[in-house]
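One letter stands for each residue in the lines below.
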Amino acid sequence: MGLRLKFNLVLIGVFAIGLAACAALSYRLLHDNARAEVERNARLMMEAALAIRAYTVSQIKPHLDPMLAERFLPQTVPAYAATETLNELRKNHPEYAYKEATLNPSNPRDRASDWEADLVQGFRNADEVKELTGERDTPTGRQMYIARPIRITNPACLACHDTAATAPPTLVKVYGESNGFGWKMNEIIGAQVVSVPMTLPVSNADRAFNTFMASLVGVFVFVMAVLNIMLEWLIIRPVARMSAAADRISTGDFSVPEFGDRGRDEVSVLGASFNRMRRSLETAMRMIDS
């Protein structure tokens, strides 16, 4: 096995170990960053919904409540305002979703689906839990969701959701007497659920990972080529010339020129030692011949 092959095998082995370590570390780091980006987007959307709710309660509802006796206006309902506003966002970004999933809603569109009902039940079973985060597969790709419980803490809510008999007639006229009633104080009746896509951030992370690994391999190939050239010119060729010269000198051919020994590296030192040995051997052979 030649020196070049040994050198390259060791170099490839070290690179393979380093590449595997870099791949594992960078893959995890990039995907953790992608997940953190998705979670930031989800929380921003949740905070936007909460801001819309607060704005509706403080600045919209007081102006529209006097009209409730003549006509029910869903715009006075914070959940309706948040849902409608974020639905406008979905016109350009349909993969994002916001829903106030309720087990017994007045508006049928707010009825919780099976997986959303499981979230609501989870909040009911663990009263101390204030938020649930997870991932789920959808027809449009993997999504992250953040859910927070909807708890009845304001007695004013029961004015519309206690019983159909005590609810505003205009509300009953719009939604009927079967849905959205029987709510109790401090009861968790639903969950605010935000869903944001993970496909794009994860694909960006995968693309960055592939680019990084390809660049790393490219740098290794370049470095390996440079090292092989240096190995050839600085070590292999000088040693091969010394070996050929030693073979000729061993047969008594002293016409081989001496090696240059101007450098300070190990090969130059070896060349100087070889030259001294050659002179000594040549002198000894002349003494024997005489």
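Bear in mind the structure is a predicted one, so any value in this text is a computation, not a measurement. (Residues numbered from 1 in each chain as written. Predicted model: local features only at pLDDT ≥ 70, side-chain atom pairs only at ≥ 80, totals over all residues. Heavy atoms only, no water.)

Quick look at helix α3 (residues 114-125) now. Over its 12 residues, α3 runs 16 Å from end to end, which matches the ideal 16 Å to within 8%, given 1.5 Å per residue. For α3, the set of buried residues is E116, L119, V120 and F123. Buried residues along α3 cover an arc of 95° about the axis, so they all sit on one side. Residues of α3 that are exposed and angled more than 90 degrees away from the buried face: D114, D118 and N125. (Helix = DSSP H or I, 4+ residues; strand = E, 2+ residues; numbered from the N terminus. Expected span 1.5 Å × (residues − 1). Buried < 20%, exposed > 50% of the residue type's maximum accessible area, 1.4 Å probe, protein only. Arc of directions from axis to C-beta.)

Next up on the list: the pattern of salt bridges. Two side chains bearing opposite charge may form a pair once their charged atoms approach each other closely. Throughout the structure, instances matching the rule amount to 16 salt bridges. Across the pair E39 and R43 runs a salt bridge, and its minimum N-O distance is 3.0 Å. Taken as a pair, E39 and R43 lie in helix α1 (residues 3-64) at a separation of 4 residues, close to a single helical turn. One salt bridge in this structure joins R124 and E187, with 3.0 Å as the shortest N-O distance. Of this pair, R124 sits in helix α3 while E187 sits in the loop between α5 (169-175) and β4 (188-197), and the two are 63 residues apart along the sequence. With relative accessibility at 35%, the residue R124 sits in the partly exposed group. Put simply, R35, E39, R43, E47, E131, E135, D137, R142 and R148 are held in one network by salt bridges that share partners. (Salt bridge = Lys/Arg side-chain N within 4 Å of Asp/Glu carboxyl O.)

Strand order in this open sheet of 4 strands is β1-β4-β3-β2, and the pairing throughout is antiparallel. Every interior strand has two partners, whereas the edge strands, β1 (97-102) and β2 (132-138), have only one. Put simply, the sheet's adjacent strands are angled 25° from each other on average, direction ignored. Bridge count for strand β3 (residues 141-151) against β4 is 9 bridges, and the pairing is antiparallel. When the sheet's bridge partners are listed, R148 is paired in β4 with Q192. In this fold α3 packs onto β1, β2, β3 and β4, with an angle of close to 125° to the strand it touches most, β4. (Pairing = 2+ DSSP bridges. Axes fitted to C-alpha atoms, helices over the stretch in contact; angles between N-to-C directions. Contact = heavy atoms within 4.5 Å.)

Another point: the packing of α1 against helix α6 (residues 199-250). Think of two packed helices as two axes; the pair is described by the angle between the axes and how far apart they sit. Running from N to C, α1 and α6 cross one another at 160°; their axes reach a closest spacing of 9 Å. Relative to α6, the element α1 is oriented roughly antiparallel. α6 is crossed by α1, and the crossing has right-handed handedness. Taken together, the residues of the contact of α1 with α6 break down into 27 nonpolar, 4 polar and 4 charged. (Parallel < 35°, antiparallel > 145°, perpendicular 65-115°, else oblique. Left-handed = near helix turned anticlockwise from the far one by under 90°. Nonpolar A, V, L, I, M, F, W, Y, C, P; charged D, E, K, R; others polar.)

Turning our attention to the pairing of β3. Among the 11 residues in β3, 8 count as buried, and that is most of the element. Between β2 and β3, which follow one another and run antiparallel, lie 2 residues.

This part is about the packing of α1 against helix α2 (residues 78-92). Remark: α1 packs on α2, axes separated minimally by 8 Å, with the N-to-C direction vectors making an angle of 135°. If you check the angle between α1 and α2, you find them oblique. Of the two possible hands of crossing, α1 and α2 adopt the one that is right-handed. Where α1 approaches α2, its residues M45, A49, I52, R53, T56 and V57 are matched on the opposing element by P78, A79, A81, A82, T85, L86 and L89. Residue composition of the contact of α1 with α2, grouped by class: 10 nonpolar, 2 polar and 1 charged.

Another point: the packing of aromatic side chains. Throughout the structure, instances matching the rule amount to 4 aromatic pairs. Between W115 and Y145, the aromatic rings sit 5.4 Å apart at their centres with planes inclined by 55°, giving tilted as the arrangement. Of this pair, W115 sits in helix α3 while Y145 sits in strand β3, placing them 30 residues apart in sequence. Given the relative accessible area of 13%, Y145 is considered buried. Just above the ring of W115 sits the side chain of R136; from NZ or CZ to the centre is 4.0 Å. One Lys or Arg, R237, reaches over the ring of W233 and ends 4.2 Å from the middle of that ring. (Phe/Tyr/Trp six-rings, centres within 6.5 Å; stacked < 30°, edge-to-face > 60°. Lys NZ or Arg CZ within 6 Å of the ring centre and 35° of its normal.)

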